[in-house]
Amino acid sequence: MPIQSGYIEKIIKGFASKQLSLIEEMSQSIIAEYKNEMENSWLNDEMKGIFLTRLNNLELKIINIRYEQALTYEVSDNFVVGMIGLVNLVSFARTNIRFKVAKYRRRLMLKERYIGPAKRKSGQHLVPFINYNVADNRLEVPLAELLTLPLFNPQLPMSWNYAYFGVAISRELSKLHLKVYSHFGRYSEPLFTKKNCFKRLRNHSMFNFDDLIDTCIGLKIAYKAFKRELHANPNGNHSIHRLSYATPKQQFFIAYSAIYCEETKPYEIQVSVANSGSFARAFNCEINSPMNPMEKCDFWDKM
């Protein structure tokens, strides 16, 4: 059963205003990088206009998920609360109720419709769920993601937040590349050449081809957005605890690999970072080494 109309805003204001503000800031930074990518891409002027119009009019929306049935679980002080019970949290906004985040989140994800069958069965869901609604040109973030994500917090370093939530946003927006197929056709140039490059990168039949493209595009754009933040605020909180030996740029890739290897195939993550020139520069990888191959693929780059 959905939360009553009007309560989403109250819940966000009382419990997730900082998280939402950070998501909005990261989204705008990522969109700005996508615009730069489009403007300097191999696309013709007509297609650039289509993409830039969609990016300019993109809406960020917090949505409420409908459930098969009301969910109720225990929190730290034995107060029973579920999605309907979130209404009660608004009334008790000044109390110190603390969720057992991991337990609550795990059980919640067992029932949510937007989690795939495999994840629903295992209860695992570390990577944020974000949906790009193509029809409405809307980036949708479920309310539960703001309230229950244990690894996303404005107080955490930006290297972590961009590697975590920033990559999820960027990767979802990378689905814009699928619209190129409908305009040019899958076998037209230079699209055909671009796809063949990624096919050579894949060299593995166990993961989806378009997923690999989304992953590579998403990682590149999220990293560029993080660099924008790093340069704009060099004295900010960019260092991850216990990773002080690594630079902020290295920490971004370390965090990305640690998070996304949990829910995607490790080989896909390896391919995406090896395909990143930024990764090679951050870690000073030798040219033509396994993590810095000579051939790299960039979907939007001019040929």
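Before reading on, note that the structure itself is shown above.
All of the points below concern the structure found in this document. Sequence order as written defines residue numbering, which begins from 1 separately in each chain. Two thresholds apply to this predicted model, a pLDDT of at least 70 for residue-level local features and 80 or more for giving and counting side-chain atom pairs, whereas whole-chain, interface and lining totals are computed over all residues. Heavy atoms throughout the structure, all of them, feed into the side-chain values; hydrogens and water do not.

A few words now on the state of the cysteines. As used here, a disulfide is simply a covalent bond connecting the sulfur atoms of two cysteines. Cysteine sulfur atoms are paired as a disulfide whenever they come within 2.5 Å of each other. This model, assessed by the stated rule, comprises one disulfide. Between cysteine 197 and cysteine 297 runs a disulfide, and the two sulfur atoms are separated by 1.8 Å. Given an S-S torsion of about -90°, the disulfide between cysteine 197 and cysteine 297 has left-handed geometry. Of the two residues, cysteine 197 sits in helix H9 (residues 191–202) while cysteine 297 sits in the segment after helix H13 (277–283), which places them 100 residues apart along the sequence. Neither residue differs from the other here; cysteine 197 and cysteine 297 are each classed as buried. The helix and strand labels rest on DSSP assignments: H or I over at least four residues marks a helix, E over at least two residues marks a strand, and numbering proceeds from the N terminus. Only protein chains enter the accessibility calculation, which uses a 1.4 Å probe. A residue is then buried if its area is under 20% of the maximum for its type, exposed if over 50%, and partly exposed in between.

Attention shifts here to the pattern of salt bridges. Here, a salt bridge means any Lys or Arg side-chain nitrogen found within 4 Å of an Asp or Glu carboxyl oxygen. For the coordinates displayed, the defined rule picks out ten salt bridges. As a salt-bridge pair, arginine 171 and glutamate 268 come within 3.8 Å of each other at their nearest N and O atoms. Taken together, the positions of arginine 171 in helix H7 (residues 158–173) and glutamate 268 in helix H12 (residues 266–274) put the pair 97 residues apart, joining distant regions of the chain. Judged by its relative accessible area of 5%, glutamate 268 falls in the buried class. Each member of the salt-bridge network shares a partner with another, and the members are Glu33, Glu37, Lys220, Lys224, Arg228 and Asp298.

What follows covers the side chain of asparagine 292. Checked against the element boundaries, asparagine 292 lands in the segment after H13. Apart from the residues lying within four places of it in its own chain, the contact partners of asparagine 292 are Ala274, Ala280, Cys285, Glu286 and Ile287. Every residue pair with non-hydrogen atoms within 4.5 Å of one another is taken to be in contact.

Most of strand E5 (residues 138–142) is tucked away, with five of its five residues classed as buried. Side chains Arg138, Glu140 and Pro142 of E5 all project onto a buried face; the interleaved residues Leu139 and Val141 project onto the opposite face, where all are buried too. Both strand E1 (residues 59–63) and E5 contribute to a ladder of five bridges, which runs parallel. Opposite lysine 61, over in E5, you have glutamate 140 as the bridge partner. Between any two strands, pairing holds if DSSP finds at least two bridges. Pairing between strand E4 (residues 131–133) and E5: three bridges, direction antiparallel. Opposite asparagine 133, over in E5, you have arginine 138 as the bridge partner. Hairpin geometry of E4 and E5 is characterised by an intervening segment of four residues between the two adjacent antiparallel strands and by a positive phi of about 50° at asparagine 137.

Here we come to the nonpolar core. Counting residues in each nonpolar core, the largest one holds 74 residues, and the members touching the most others are Phe165, Leu173, Phe252 and Trp300. No other element matches helix H10 (residues 209–232), which puts twelve residues into this core. When near neighbours in sequence (up to four residues on either side) are disregarded, phenylalanine 252 contacts Ser159, Tyr162, Ala163, Val167, Leu219, Ala222, Tyr223 and Phe226. Here, nonpolar core refers to any group of buried Ala, Val, Leu, Ile, Met, Phe, Trp, Tyr and Cys residues whose side-chain atoms link them within 4.5 Å.

A packed helix pair is summarised by two numbers, namely the angle formed by the two axes and the spacing between the axes. Relative to each other, H10 and H12 sit at 45°, their axes nearing to 9 Å. By the angle class used here, H10 and H12 are oblique. Of the two possible hands of crossing, H10 and H12 adopt the one that is right-handed. Contacts from Asp211, Leu212, Thr215, Cys216 and Leu219 of H10 reach H12 at Glu268, Val271, Ser272 and Val273. Note on residue categories: nonpolar means Ala, Val, Leu, Ile, Met, Phe, Trp, Tyr, Cys or Pro, charged means Asp, Glu, Lys or Arg, and polar means any other residue, Gly included. Here the residues of the contact of H10 with H12 are counted per class, giving five nonpolar, two polar and two charged. Only C-alpha atoms enter the line fits that serve as axes; for helices the fit covers just the stretch in contact. Angles between N-to-C directions range over 0 to 180 degrees. In what follows, roughly perpendicular refers to angles from 65 to 115 degrees, roughly parallel to angles under 35, roughly antiparallel to angles over 145, and oblique to any angle outside these ranges. Note: crossing handedness is left-handed where the near helix turns anticlockwise from the far helix by less than a right angle, and right-handed where it turns clockwise.

Below, the discussion takes up the packing of aromatic side chains. The rule is short: rings of Phe, Tyr and Trp, with Trp giving its six-membered ring, pair when the centres are within 6.5 Å, and they are stacked under 30 degrees, edge-to-face over 60, tilted in between. Within the structure shown, the criterion is met by 15 aromatic pairs. With centroids separated by 5.3 Å and ring planes inclined at 35°, the aromatic side chains of tyrosine 256 and tyrosine 260 adopt a geometry described as tilted. With tyrosine 256 and tyrosine 260 both in helix H11 (residues 248–260), this residue pair falls four residues apart, about one helical turn. Judged by its relative accessible area of 4%, tyrosine 260 falls in the buried class. A connected cluster of aromatic rings, assembled from ring pairs, spans Tyr162, Tyr223, Phe226, Phe252, Phe253, Phe279 and Phe283.

Let us now look at the sheet that holds E4. Strand order in the open sheet formed by three strands is E1-E5-E4, and the pairing between neighbours is mixed. Edge strands, defined here as strands with exactly one partner in the open sheet, are E1 and E4. When the angles between neighbouring strand axes are averaged without regard to direction, this sheet yields 30°. Against the sheet, H7 engages E4 and E5, with an angle of about 140° to E5.

Quick look at unusual backbone geometry now. If a residue is not glycine, its phi is most likely negative; likewise, a peptide bond is most likely trans. Phi at asparagine 137 is positive, roughly 50°, even though this residue is not glycine. Position of asparagine 137 among the secondary structure elements: in the loop between E4 and E5. The phi angle at asparagine 284 is positive, at roughly 55°, despite the residue not being glycine. Tracing the sequence through the fold places asparagine 284 in the segment after H13.

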